[in-house]
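# Reading the structure
If you want the building blocks of each chain, they are given just below.
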Amino acid sequence: MNPPVPRVLQGVAANLLTEVMREIRTPFGQQLVGIAAVLNLMAAEEFERAADRLVEENRIVRKLLADGLALLGEAAPAGMRDALGAPPAASLRISDLQRENDLLRAGLIELHAAVEATPGDAARALESRIWDELIESTRRRHFASRP
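Summarised in this report is the structure supplied together with it. Residue indices follow the written sequence of each chain, beginning from 1 at its first position. For a predicted model such as this one, the threshold for reporting local features is a pLDDT of at least 70, and the threshold for listing and counting side-chain atom pairs is 80 or more; totals across whole chains, interfaces and linings nevertheless cover every residue. Just so you know, side-chain values use all the structure's heavy atoms and leave hydrogens and water out.

## As for the overall build of the protein chain
Only DSSP runs of H or I covering at least 4 residues are called helices, and only runs of E covering at least 2 are called strands; the numbering of each starts at the N terminus. Scanning the protein chain for helices and strands turns up five helices and zero strands. From first element to last, N terminus to C terminus, the protein chain shows the α and β order α-α-α-α-α. Each radius of gyration is computed over the set of C-alpha atoms, and the globule rule expresses the reference value as 2.2 Å times the number of residues to the power 0.38. Scaling as 2.2 N^0.38, a compact globule of 147 residues should have a C-alpha radius of gyration of about 15 Å, whereas the protein chain reaches 21 Å, well beyond that. With the principal axes as the frame, the protein chain shows a C-alpha extent of 65 × 35 × 20 Å. The classification of residues rests on relative accessible area computed with a 1.4 Å probe and restricted to protein chains. Under 20% of the type maximum is buried, over 50% is exposed, and intermediate values are partly exposed. Of all 147 residues assigned to the protein chain, the portion counted as buried reaches 35%. In this analysis, two residues are considered to be in contact whenever any of their non-hydrogen atoms come within 4.5 Å of each other. The contacts in the protein chain between residues at least 6 apart in sequence include a share of 65% that link residues at least 24 apart. For accessible areas, the Shrake-Rupley method is used with a probe of radius 1.4 Å. Any residue's cover is judged against the shown protein chains and nothing else. Accessible surface, the protein chain: about 9000 Å² in total, of which carbon and sulfur atoms supply 62%. In this tally Asp and Glu are treated as negative and Lys and Arg as positive; neither His nor the chain ends contributes. To locate a charge, the coordinates of NZ of Lys, CZ of Arg, CG of Asp or CD of Glu are taken. One finds the centroid of the 18 positive side-chain charges in the protein chain at a distance of 5 Å from the centroid of its 21 negative side-chain charges.

Quick look at the structure:
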């Protein structure tokens, strides 16, 4: 039998809250058990969604960078070009996907700064798309299992 990791972490959280908590006599100890339970719930949720979130984000940010390169041409910042030219993650391991995400986000920061300094409707439209993605990427990180 191979139990799903989210289910195991949720089970640990439930046991901490329903079994262990009543055995803890101090408020400080109860707080620690409560925090451990919430962290288990958050880890369970992130385990389930992390790869999908990172793959989606990396795809979207690559598209923004490509559109930024088309808009800025030779004026595109070097870091943005480097991020766009970097190969995709070598695997679906979270560490590989996160490394790619970090590089792409650094490029996105440079693109954002360059686009803000660029006049014209096309620059404003791309700036709006960048803001939309920044807001959406924050929403993707929200936890349903918030205390």
